[in-house]
Amino acid sequence: QVHLVESGGGLVQAGGSLRLSCAASGRTFSSYAMGWFRQAPGKEREFVAAISWNGGSTFYADSVKGRFTISRDNAKNTVYLQMNSLKPEDTAVYYCAAGSVGRDSYYYRPVKYDYWGQGTQVTVSS
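First things first, this report covers the structure right here in the doc.

Let us look at the pattern of salt bridges. With the rule as written, the count across this model stands at 4 salt bridges. The salt bridge involving Arg38 is made with Asp90; its shortest N-O contact spans 2.9 Å. In this pair, Arg38 sits in strand S4 (residues 33-39) while Asp90 sits in the loop between strand S8 (78-83) and strand S9 (92-99), placing the two residues 52 residues apart along the sequence. For the pair Arg38 and Asp90, a shared accessibility class is recorded, and that class is buried. In the salt-bridge network here, residues are joined through shared partners; they are Arg38, Glu46, Arg67 and Asp90.

The residue Ser21 is located in strand S3 (residues 18-25) in this model. Classification of Ser21 as buried rests on a relative accessible area of 17%.

Turning to the layout of surface pockets, a few remarks are in order. The volume enclosed by the largest pocket comes to roughly 150 Å³. Every residue lining the largest pocket is counted, 13 residues in all, and those nearest its centre are Arg38, Lys43, Glu46, Glu89 and Asp90. Here the residues of the lining of the largest pocket sort into 2 nonpolar, 3 polar and 8 charged.

Attention now moves to the packing of aromatic side chains. By the definition in use, this model includes 8 aromatic pairs. Centre to centre, the rings of Phe59 and Tyr108 are 5.9 Å apart; their planes meet at 80 degrees, and the pair counts as edge-to-face. On the criterion of sequence distance, the pair formed by Phe59 in strand S6 (residues 58-60) and Tyr108 in the loop between S9 and strand S10 (115-116) is long-range, its members being 49 residues apart. Through pairs of rings, three or more aromatic residues link up here, namely Phe37, Phe47, Phe59, Tyr107, Tyr108, Tyr113 and Trp116. Note that Arg45 overlies the ring of Trp116, its terminal NZ or CZ placed 4.8 Å from the centroid.

Next up on the list: the state of the cysteines. Covalently bonding the sulfur atom of one cysteine to the sulfur atom of another cysteine gives a disulfide. Considering all chains together, one arrives at 1 disulfide under this definition. There is a disulfide in this structure between Cys22 and Cys96, and the S-S distance comes to 1.9 Å. In this structure, the disulfide formed by Cys22 and Cys96 twists by about 45 degrees around the S-S bond and is classed as right-handed. With Cys22 in strand S3 and Cys96 in strand S9, this residue pair connects regions lying 74 residues apart in the sequence.

Definitions and cut-offs
- Along each chain, the written sequence defines residue order, and numbers are assigned to residues from 1.
- Two thresholds apply to this predicted model, a pLDDT of at least 70 for residue-level local features and 80 or more for giving and counting side-chain atom pairs, whereas whole-chain, interface and lining totals are computed over all residues.
- In computing side-chain values, all of the structure's heavy atoms are included and hydrogens and water are not.
- Note on definitions: salt bridges are taken to be side-chain nitrogens of Lys or Arg within 4 Å of carboxyl oxygens of Asp or Glu.
- The helix count covers DSSP runs of H or I at least four residues long, the strand count covers runs of E at least two residues long, and both are numbered beginning at the N terminus.
- For each residue, the accessible area found with a 1.4 Å probe, counting protein chains only, is set against the maximum for its type, and the residue is called buried under 20%, exposed over 50%, and partly exposed in between.
- Here a cavity denotes a set of grid points, spaced 1 Å apart and computed over the protein atoms alone, in which a 1.4 Å probe fits but from which it cannot get out, and a pocket denotes an open set meeting protein on both sides within 12 Å along at least five of seven lines; residues with an atom within 4 Å of a point are reported as lining.
- Grid points are joined across faces, edges and corners, and a volume is the space filled by probe spheres set on the points.
- Amino acids are sorted into nonpolar (Ala, Val, Leu, Ile, Met, Phe, Trp, Tyr, Cys and Pro), charged (Asp, Glu, Lys and Arg) and polar (every other residue, Gly among them).
- Ring geometry is summarised as follows: Phe, Tyr and Trp rings, the Trp one being its six-membered ring, pair when their centres sit within 6.5 Å, and such pairs are stacked at plane angles under 30 degrees, edge-to-face over 60 and tilted between the two.
- Lysine and arginine charges are scored as sitting over a ring when NZ or CZ, respectively, is within 6 Å of the ring centre and within 35 degrees of the ring normal.
- The disulfide criterion used throughout: a pair of cysteine sulfur atoms within 2.5 Å.

See below:
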């Protein structure tokens, strides 16, 4: 069982930066792949970024490549999402998730994650 708590969301102007954190409880954090997803009002939840259990592989949505960076610190049971050059279209509730994802193509799929946080709001003003 893994309990996830996101933090770091807020209101920022376009072009600004935010760093989201996701703190996990449980001794098995280091064995899970971690992902960030987001959901804007009226839209489906979409993949943002993911990282393998040891940090050796990372995956990004095309819309955030070059602007967002995912990382993890297994000693602190925490995964991060550094978001730079933010755009109004990045406005959404951001969720972190944990799962035993498996093959690379599964990282992008919400159904492959077993545990979810409650979300943190990110609002980018133009």
